[in-house]
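Observations on the three-dimensional arrangement
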Amino acid sequence: MAKSLSYFGLSCYLELLKDKEFTKYKELLQKEIQNFKLKPIAKSKLAEASTTSLVKLMEEKYSERQAWDMTLNIFLMMDKRPLWEQAKKQLRNIMNPYKKHMKEKFHLIWERETCLPGPDTFYKGTIKREHRALEKAYLSEANRGPLTVVLRGPEGIGKTTFLRKVMLEWAEGKLWNDRFTFVFFLDARELNLVAETSLVEFLSRDWPETSEPIEDIFSQPQDILFIIDAIEEFKLSLMVESETWDWKEQQPTQVILSGLLQGKMLPGCSVIVAMGPTCFNKYRYLLERPKQIVLRGLSMQERKRYISHFFQENPAVTESSFIKNICSLAAEGIWNQTFLFCQKDLRRNGVSESDVVLWLGIDILRRRGDYVMFVHRLVQGFCAAIFCSLAHPKSRPSRVVERIGELAIAGLWQVHPYFPQIRLFMFGLSTAAMRNKLEAIGVKLSLQTQQGLFRYLNSLKYREFLDLNFISLFCSLYEAKDDEFTMKVMDVFLDIFVHIEDSRGLVVSSYCLTLIRKLKRLSLFIENLFADDVHAPTKKKRNTSWQNICSVFRTSGDLEEVQLDHCSFSGEAMKDFCKALEQPMCQLQTIVLRFVSGFGDGRKFFKAICRNPFLRCLKLYGVSLSPTAVKELCKALKHSGCNINKLLLKGCLLTSDCCDEIASVLINNQTLKVLKLGNNDILDAGVKRLCVGLKHPNCHLNHLALDMCGLTADCIKDLASALTTCKKMNILNLDGIALDYDGVATLCKALAHPNCVLEILG
């Protein structure tokens, strides 16, 4: 016991006390011994004891827990709270029954449930970069406060495995020893089974009886980390509000999860949450400035090593009938949304008990009580995709299984965690190269798979494409990389909206969009992918992909409209975009930019549009235009080659000072018919300047919108004069104007004037 007490450093803490404080400590210790009803220490020995001899006396008579409990109580009675907190934290790290329990639990999970048929060293090598980034995130001085980390990656990339490894390493004392005293692993699938609970009650399920009260540790939330997994499979929405976020009170489970993500339940704690693309887009606004770490998955070389190891260890899986039966079981389960299989299910699909034993041995199946299940639902999805791609299997367990391909395609517009991956597998299996590889082991795939997939896709032309997940479709087409088939599929769509949130999305979009022939309208929502702080190879690949997408604007003769939404461009990316627009072969008629950043002074962009004789409509929403940018725009509009007849500048930070330039356009550009300037600070002074252009005989404007521009009755006199002078303007929008009686009277008088041709006033 002496060794353990020395290890815990009790004597070190006592030596921090001054002489008078140590004397006081010994007096209080005598009382605490009585309170704890322990065997006393003789008063004479206690009075004469030094720190070293006192610790030795306590070692002989009391357990280490008793010694420390008495000491902590005494520190509080002596008003030594900083010392108490320091000792308490050290004890929690060392004498931590919960940590020991988590070590045993997650070691068992890692050994039995982790789908890794390969050496542990191989796995550590594949996650080295992400592991280092996560470790540093919580150790840097800048992040000593609460921090939320989002571990991003598609379904099946290994997020759960990664988080289990992190939990195990913390429990083993290999990670964040001085940062987090307690780490809690929350599986959202388990929360689905509970209607209401409190956070402390839910965590108590794994709280050892020998630990201190769980409520006590919540007094120091900065020492606590929550790891949240499988949030995509949580059945309830997290977009909830609550009157209270108290961790002690009974709450619906979605309130608990939402409160942790928002930092409202147990403020000060840190969170790691795993999210796929759909889930992140849905809940990103709940998170306050999260640090994102993208799990890249296995490289091509690592995949080959993984698969090679698997098949070297398990040669029996190459028997075709053996594979067909397990794939049949998987397909039936996917169709019926069944993931636990009984003996009846196995027999119906021709899976014998000896087959089960073999599949269990190679970690494809697992037992769950009297049932069996696939090691991962994506493994089941892959097997299902193989079955649906087989060439005329002798028997099928159910006729509905034949329609699983249709089910996978349906996932393009229905949010589902497994359909996208099943579709990805089916497209990959449809290629001649994959058919040849599987035929080599006796598994013959159908030659009709691609035709079937196209038949399903072609039926989508009758649906509303705005709800379609095109990036998911592009990933599937990229998986197959069959140019002829991709062109055939792309011909189905006339209107495409693509949300690109990572480099892979840019790559797959580049591949598919360069093969379009009949597309009319293309909308791109590109997140912040053009930052300069990326590795050179990644940057080169990204730039090449973007240049390929830009080439579509000039090579696709049927493309009429391009929209860029919430795109953040670097100077180089904007340069590539403008270069494509000014090519003689670019026949775009409409360009729409919504909340695009990186626009700069707009010189390159406006120079490009004035060289495009086909462009008729330019719409800018929320694009910040500096005075220099406005001058460049107006210069382009006055160019003889500019044929724009509709211009919308909504919420572009225009001021009254910009209106002289715009008025000049009204005088010098007889092509412009529609001008919308809503949601800008035009003000009455700006209207006065615009009216100079409106009253000019060369002005051919038909439609003017000045809604929500801060106008008052003071501008009505100028507008009334313009209405009785301009011979073309028949639509005027003044929504949001503050009019008084005199202003209304002046406006009505102008409307009644015989020279006023206005037909619509909004």
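Okay, so let's go over this structure. All figures in this text were calculated on a predicted structure; none of them were measured in a lab.

1. Quick look at the overall build of the protein chain
The secondary structure content of the protein chain amounts to 36 helices and 19 strands. With 762 residues in all, the protein chain has 51% of them scored as buried. The contacts of the protein chain with a sequence gap of at least 6 include a subset with a gap of at least 24, amounting to 78%. Just so you have it, the protein chain exposes about 36400 Å², and 51% of that area is on carbon and sulfur atoms.

2. Regarding the sheet that holds strand β1 (residues 148–152)
Within a sheet, each strand pairs with its neighbour through backbone hydrogen bonds, oriented either parallel or antiparallel. Pairing is parallel across the open sheet formed by five strands, whose spatial order is β2-β4-β6-β1-β7. The open sheet is flanked by β2 (182–187) and β7 (291–294), the only strands paired with a single partner. Looking at each pair of strands side by side, their axes are set apart by 20° on average, direction ignored. Here β2 pairs with strand β4 (residues 224–229) via six bridges, running parallel. Its bridge partner being in β4, F185 is matched across the sheet by I227. Against the sheet, helix α10 (residues 128–137) engages β1, β6 (270–275) and β7, with an angle of about 165° to β7.

3. Let's talk about the packing of helix α32 (residues 627–637) against helix α33 (residues 659–668)
Where α32 contacts α33, the axes come no closer than 9 Å and their chain directions differ by 5°. In terms of orientation, α32 and α33 fall into the roughly parallel class. Facing α32, whose interface residues are V630, K631, C634 and L637, α33 presents E661, I662 and V665. Split by residue class, the contact of α32 with α33 holds five nonpolar, no polar and two charged.

4. Here's the deal with the side chain of E32
Of note, E32 is situated in helix α3 (residues 19–35). No salt bridge forms around the buried E32; measuring N to O, its nearest opposite-charge neighbour K31 is 9.1 Å away. Non-local contacts of E32, meaning those with residues more than four positions away in its chain, are made with M70, N73, I74 and M77.

5. Looking at the sheet that holds strand β15 (residues 646–650)
As summarised here, the arrangement of the ten strands in space is β10-β11-β12-β13-β14-β15-β16-β17-β18-β19, forming an open sheet in which the pairing is parallel. Looking along the sheet, the strands with just one partner apiece sit at the ends: β10 (495–500) and β19 (760–761).

6. Some thoughts on the packing of helix α27 (residues 483–490) against helix α28 (residues 503–513)
At a minimum axis distance of 9 Å, the contact between α27 and α28 shows a crossing angle of 85°. In this view, α27 runs roughly perpendicular relative to α28, as classed from their interaxial angle. Of the residues in α28, those touching α27 at D483, T486 and M490 are Y511, C512 and L513. Among the residues forming the contact of α27 with α28, the class breakdown is four nonpolar, one polar and one charged.

7. Side note on the pairing of strand β12 (residues 561–565)
Buried residues dominate β12, accounting for five of its five residues. Every second residue of β12 is oriented toward a common face, with E561, Q563 and D565 on one face and V562 and L564 on the other, all of them buried. Pairing of strand β11 (residues 521–526) with β12, which is carried by five bridges, proceeds in the parallel orientation. Bridging from a neighbouring strand, L524 pairs with L564 of β12. Here β12 runs beside strand β13 (residues 590–594); their pairing, made up of five bridges, is parallel. Among the inter-strand pairings, Q563 is bridged to a residue of β13, identified as V592. Handedness of the crossover is the feature at issue here: the chain leaves β12, passes through helix α30 (residues 571–581), returns alongside β13, and the resulting connection is right-handed.

8. Details of the nonpolar core
One finds F553, F605, F606 and L625 to be the most contacted residues of the largest nonpolar core, which totals 146 residues. Apart from the residues lying within four places of it in its own chain, the contact partners of F605 are F577, C578, L581, I591, L593, F599 and L618.

9. A short note on the packing of aromatic side chains
Aromatic ring pairs: the centre-centre distance and the angle between the two ring planes describe each pair. Applying the stated criterion to the full structure yields 27 aromatic pairs. Pairing F106 with F185 gives two aromatic rings, centres 5.1 Å apart and planes at 55°, and the pair type is tilted. Residue F106 is located in helix α8 (residues 97–112), and its partner F185 is located in strand β2; the two are separated by 79 residues in the primary sequence. Following the ring pairs from residue to residue traces out a cluster consisting of Y98, W170, F182, F184, W207 and F226. Lying across the ring of F280, R152 places its NZ or CZ 4.0 Å from the centre. If you follow R594 out to its NZ or CZ, it ends over the ring of Y621, 4.7 Å from the centre.

10. Examining a positive patch on the surface
Residues R554, K575, K579 and K604 make up a contiguous surface patch of positive charge. Structurally, K579 is set in helix α30.

11. Some remarks on helix α11 (residues 159–171)
Taking 1.5 Å per residue, 13 residues should reach 18 Å; α11 reaches 19 Å between its end C-alpha atoms and fits that length. The element α11 is largely enclosed, with a buried count of twelve among its 13 residues. Those residues of α11 that fall on the buried side of the exposure criterion are K159, T161, F162, L163, R164, K165, V166, M167, L168, E169, W170 and A171. Remark: G173 follows α11 within two positions and exhibits a positive phi of approximately 80°.

12. Some words on unusual backbone geometry
Its identity is not glycine, yet R289 carries a phi of approximately 45°, on the positive side. If you check the backbone angles, K481 has positive phi at about 50° while not being a glycine. Of note, K481 is situated in the loop between α26 (470–480) and α27.

13. Observations regarding the pattern of salt bridges
Oppositely charged side chains can form a pair if their charged atoms are brought close together. A full pass over the atoms with the stated rule returns 28 salt bridges. In this structure, the salt-bridge partner of E501 is R152, at a minimum N-O distance of 3.1 Å. Of this pair, E501 sits in the loop between β10 and α28 while R152 sits in strand β1, and the two are 349 residues apart along the sequence. No difference in accessibility class separates E501 from R152, as the two residues are buried. Here R189 ties to D229 by a salt bridge, and the two come within 3.8 Å at their closest N and O atoms. Of this pair, R189 sits in helix α12 (residues 188–191) while D229 sits in strand β4, and the two are 40 residues apart along the sequence. Given a relative accessible area of 30%, R189 falls into the partly exposed group. Salt bridges linked by common partners bring D187, R189, D229, E233 and R377 together as one network.

14. Some thoughts on helix α36 (residues 741–751)
Within the sequence span of α36, burial applies to G743, L747 and A750. Angular distribution of buried residues about the axis of α36 spans 60°; they occupy a single face of the element. In α36, the exposed positions that point more than 90 degrees away from the buried face belong to Y741, D742 and K749. Here the buried face of α36 lies against α35 (716–723) and β19.

15. What about the pairing of β13?
Of all five residues in β13, four are buried; the element is thus mostly enclosed. When β13 meets strand β14 (residues 617–621), the two strands line up parallel, connected through five bridges. If you follow R594 over to β14, its bridge partner there is Y621. Tracing the backbone out of β13, into helix α31 (residues 603–610) and back to the parallel element β14 gives a crossover that is right-handed.

What counts, and where the lines are drawn
Residues numbered from 1 in each chain as written. Predicted model: local features only at pLDDT ≥ 70, side-chain atom pairs only at ≥ 80, totals over all residues. Heavy atoms only, no water. Helix = DSSP H or I, 4+ residues; strand = E, 2+ residues; numbered from the N terminus. Buried < 20%, exposed > 50% of the residue type's maximum accessible area, 1.4 Å probe, protein only. Contact = heavy atoms within 4.5 Å. Areas by Shrake-Rupley, 256 points an atom, 1.4 Å probe, with all protein chains shown as cover. Pairing = 2+ DSSP bridges. Axes fitted to C-alpha atoms, helices over the stretch in contact; angles between N-to-C directions. Parallel < 35°, antiparallel > 145°, perpendicular 65-115°, else oblique. Nonpolar A, V, L, I, M, F, W, Y, C, P; charged D, E, K, R; others polar. Lys, Arg positive; Asp, Glu negative; His and termini not counted. Salt bridge = Lys/Arg side-chain N within 4 Å of Asp/Glu carboxyl O. Right-handed = clockwise from strand over helix to strand, strands pointing away. Core = buried A, V, L, I, M, F, W, Y, C linked by side-chain atoms within 4.5 Å. Phe/Tyr/Trp six-rings, centres within 6.5 Å; stacked < 30°, edge-to-face > 60°. Lys NZ or Arg CZ within 6 Å of the ring centre and 35° of its normal. Patch = residues over 30% accessible without salt bridge, like charges linked within 9 Å, V, L, I, M, F, W, Y side chains within 5 Å. Charge placed at Lys NZ, Arg CZ, Asp CG, Glu CD. Expected span 1.5 Å × (residues − 1). Arc of directions from axis to C-beta.

Shape descriptors only; they carry no functional weight alone.
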